[in-house]
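# Tertiary structure, described
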Protein chains: 2
Amino acid sequence: MENRKQAILRAVVQEFTTSAVPVGSQALQTRYFVNLSSATIRSELADLADLGYLTQPHTSAGRVPTDSGYRYFVDFLMDLEPIPDRVKAYIQDEVRTAPADVEGMVERVAMTLAEVTRNASVASAPQGALARIKHVDLVSLEPKEVLLILLLEGNLLRQQVVNTTQPATQAQLTRLAARLNASIAGRASDEARRHYESAPLGLEKELLGRVIAVLDVYEKGSENLVVHDGVRNLLRQPEFAESSRVHQVLEVLEETRYLTVLLRQLIGDSDLQIVIGSENTSSRLQGCAVVLTSYGPSERLKGVLGVVGPTRMAYSQTVARLQAVARSASDRMAELGV
Amino acid sequence: MENRKQAILRAVVQEFTTSAVPVGSQALQTRYFVNLSSATIRSELADLADLGYLTQPHTSAGRVPTDSGYRYFVDFLMDLEPIPDRVKAYIQDEVRTAPADVEGMVERVAMTLAEVTRNASVASAPQGALARIKHVDLVSLEPKEVLLILLLEGNLLRQQVVNTTQPATQAQLTRLAARLNASIAGRASDEARRHYESAPLGLEKELLGRVIAVLDVYEKGSENLVVHDGVRNLLRQPEFAESSRVHQVLEVLEETRYLTVLLRQLIGDSDLQIVIGSENTSSRLQGCAVVLTSYGPSERLKGVLGVVGPTRMAYSQTVARLQAVARSASDRMAELGV
DNA sequence: TTTCAGCACTCTCGGCCGGAGAGTGCTAAC
DNA sequence: GTTAGCACTCTCCGGCCGAGAGTGCTGAAA
């Protein structure tokens, strides 16, 4: 596409992003192209509309980017917006003061992301195929009731009440926990499975069985931690003035399964993914764009971070800030040995 | 007030609750009072309006209950609606299958409450003045970095990364944990404080200090767990058609401090509290009603459960279901020895 | 060939009007 | 105390109109 067409498309996207009002040839002329006449701009706009990048709400309204228009913009025209120091500092600060466990971290990251992008955010916890067990602990609740505490990588605590077939005192449990730690702590989950296979019948095997059950749930991702935040930011946008639109988006966000699917799509894909309007698999995200990236403390452990907003979002700002948050969170997680 | 006036007020509230449309004398006559003429009903309606219980959006519209009207209704006219078996079973089921720790429990309870009342819900974790420590565990992360794991009443796990002044091996930490458990596990938090005072300088005192810090945060309630759910239910109501109304409510719900205040108000008060429209301290809850009750495993440990919806809510149903959820949750928590 | 001034045209938006409909309050009779 | 009847008020909705914004087209200038 000729340079001038590109420039005009870029200008339309930028203008519409901030004003939320269809942009006309006159506005473009006075604000972006003073040495062009509005008539010339009009003919370029008509061309861009023919190419499918722009559309008009009605015959005599200004132009609005189509989904393809946004697509062209993010693919070819967008340059990352520098992040103000204030915002950088804010991100650093929020991430550094986050709790040291994955759950707290993910929640904080989602909150921060929503705050700095002024949109809704989603975040899934970094997760790998084989979980590592850092520590096991057993607490006696009743003679035949044991609380199993499992510390996984990411300082992720998991607990489960286990009703055992035989009674055990706390002292016995403490000894047993020590034995379990010696054999499986610091190892990947398959170690626990191996020990389970070879263990003789008894309390130890019983508890190992439950350890494996917890690991299974965790590794299968059926309990994959996915949080979202910042829906309030969407309410400010004119696109979401009637709350039925919000309702649809909220449904998607609360439907954890859908988000998990988004996650799986991304893993293995390029590291930044932008899904615009009708490109979304869910029709409830019509008019919405989703910007996704992966993050995590290592290559093995990856989660997804995403921003959800109207297609009329400030893509260059969103992408820059999303990546900044992802970088901060990844660094911090690596630092914590998560 | 005469019986007939009461009956008419009740009918107006009931009718408006379901239809969301101002109710006129004719509708009342055909649906509730076939042997009265609409003229008679009109004069009663006029009286009720004079008394401040009803109002009209405009001269020739039907009547709508005022906040005082709702107040009179819930104070004198409401009788609890029986809960269908299906709903009862649902509540039981959700609560029974909830995680065995307080956090998971509270989240599940909020979800269930939102679901069965078709409104937004809030829940705070049961909390008492003196926390009990069930178990302490120490995990070595780095030579001079320890993960302190604290199991409090309610199977509430708290963790904190502690940077110690002196290095310690996992074996040393395990021994130390055993000693700490012997001295403070199963006791109230003041025991930990006493031990801290009398402990000689060293790793043990250092870690006890952190234990106390964690307890402090917990007991001060500055980290009091408050969750909310079901905002999507509000979006269905005509009162929240323009999303700016939702925005205000969301602000309140996300403002944990405000909810904590609500909680404190309720503690020591009667066991059911209904706050209607302008009775709310926050003007952002104009047009909203909040129904609150306390719950918890014991007299000492109490949290708050609440429903937030438009003032035009089905109070009798809401109250009945709220109490049912509170009862189920309390029972389950007591059963788990939370 | 590109640019541009001029102009007719189209469409929305806001205000205004008027009729239909809903619901009221009042009055006079039972 | 109750009720039929009636005038009155107000909203809602559709149609109408003028202002304004913005377009597409055309013919001339560069």
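Okay, so let's go over this structure. Worth saying up front: this structure is predicted, and the values here are computed from it rather than measured.

What counts, and at which threshold
- Residues numbered from 1 in each chain as written.
- Chains lettered and ligands numbered in written order.
- Predicted model: local features only at pLDDT ≥ 70, side-chain atom pairs only at ≥ 80, totals over all residues.
- Heavy atoms only, no water.
- Axes fitted to C-alpha atoms, helices over the stretch in contact; angles between N-to-C directions.
- Helix = DSSP H or I, 4+ residues; strand = E, 2+ residues; numbered from the N terminus.
- Parallel < 35°, antiparallel > 145°, perpendicular 65-115°, else oblique.
- Left-handed = near helix turned anticlockwise from the far one by under 90°.
- Contact = heavy atoms within 4.5 Å.
- Buried < 20%, exposed > 50% of the residue type's maximum accessible area, 1.4 Å probe, protein only.
- Polar contact = N/O pair within 3.5 Å; in protein donor to acceptor, adjacent residues only side chain to side chain.
- Phe/Tyr/Trp six-rings, centres within 6.5 Å; stacked < 30°, edge-to-face > 60°.
- Near = heavy atom within 4 Å.
- Buried area = accessible area lost by both parts, 1.4 Å probe.
- Salt bridge = Lys/Arg side-chain N within 4 Å of Asp/Glu carboxyl O.
- Pairing = 2+ DSSP bridges.
- Least-squares fit on C-alpha atoms with pLDDT ≥ 70 in both.

### Concerning the packing of helix α5 (residues 85-96) of chain A against helix α6 (residues 102-117) of chain A
All names here are of chain A. The geometry of α5 relative to α6 is characterised by a closest axis approach of 9 Å and an angle of 165° between their N-to-C directions. Looking at the two axes, α5 sits roughly antiparallel to α6. Relative to α6, α5 is oriented so that their crossing is right-handed. Mapping the contact onto sequence places Val87, Tyr90, Ile91, Glu94 and Val95 in α5 and Met105, Arg108, Met111, Thr112, Glu115 and Val116 in α6.

### Points about the side chain of Asn280(B)
Residues and elements named next belong to chain B. By the element assignment, Asn280 lies in the loop between β8 (272-276) and β9 (288-295). Residue classification places Asn280 among the buried residues on the basis of a relative accessible area of 9%. Of the polar contacts made by the side chain of Asn280, one reaches the backbone oxygen of Cys288; its length is 3.2 Å.

### A few points about the packing of aromatic side chains
All names here are of chain A. Counted under the stated rule, the structure contains eight aromatic pairs over all chains. For the ring pair Tyr32 and Phe33, a centre distance of 6.3 Å and an interplane angle of 35° mean the geometry is tilted. Overall, the relative accessible area of 31% leaves Tyr32 in the partly exposed class. Look at Tyr53 and Tyr72: their rings are 5.1 Å apart centre to centre, the planes differ by 50°, and that puts the pair in the tilted class. Taken as a pair, Tyr53 in the loop between α3 (38-50) and β1 (54-55) and Tyr72 in helix α4 (residues 67-77) lie far apart in primary sequence, 19 residues in all. Here the two residues Tyr53 and Tyr72 agree in accessibility, since each one is buried.

### A closer look at the protein's contact with DNA strand C
Within the structure, DNA strand C sits among 20 residues, and Arg4(A), Thr40(A), Thr59(A), Ser60(A) and Ser25(B) are positioned closest to it. When the atoms of DNA strand C within 4 Å of the protein are grouped by moiety, sugar and phosphate amount to 73% of the total. Side-chain polar atom of Arg4(A) to a phosphate oxygen of DNA strand C: 2.9 Å apart, as the coordinates give it. A distance of 3.0 Å separates a base nitrogen of DNA strand C from a polar atom in the side chain of Arg42(B). Listing elements by their share of the surface near DNA strand C, those giving two or more residues are α3 of chain A together with α3 (38-50) of chain B.

### Let's talk about the interface of chain A and chain B
Taken together, the contacts link 27 residues of chain A with 27 residues of chain B. Interface area, chain A with chain B, both sides summed: about 2,400 Å², of which 63% is carbon and sulfur. Here chain A and chain B share two salt bridges between them. Here Glu254(A) makes a salt bridge to Arg232(B), at a shortest N to O gap of 2.9 Å. Along the contact surface separating chain A from chain B lie 14 residue pairs in polar contact (both at pLDDT 80 or more). Those elements that place two or more of their residues in the side of chain A that touches chain B are β4 (133-142), β5 (145-152), β6 (156-163), α10 (231-235) and α11 (243-254) of chain A.

### Focus on the pairing of β6(A)
All names here are of chain A. For β5 and β6, the ladder comprises eight bridges, and the chain directions are antiparallel. Within β6, the residue paired with Glu145 across the bridge is Asn163. Between β5 and the antiparallel strand that follows it, β6, lie three residues; Gly154 among them carries a positive phi value of about 85°.

### Observations concerning the sheet that holds β5(A)
All names here are of chain A. In spatial order, the strands read β4-β5-β6; together these three strands make up an open sheet with antiparallel pairing. Of all the strands in the sheet, just β4 and β6 have a single pairing partner and so form its edges. Within this sheet the neighbouring strands show an average axis-to-axis angle of 20°, counted without direction. Note that β4 and β5 share eight bridges and pair antiparallel. Counted as the bridge partner of Val139 is Leu147 from β5. In this fold helix α7 (residues 170-184) packs onto β4 and β5, with an angle of close to 165° to the strand it touches most, β4.

### What about the relation of the copies chain A and chain B?
Superposing chain A onto chain B takes a rotation of 180° plus a shift of 0.0 Å along the axis, which leaves an RMSD of 0.1 Å. One copy is carried onto the other by what is essentially a two-fold rotation axis. The overlap is high: 100% of the interface residues of chain A also sit at the interface in chain B, so the same surface is used on both sides.

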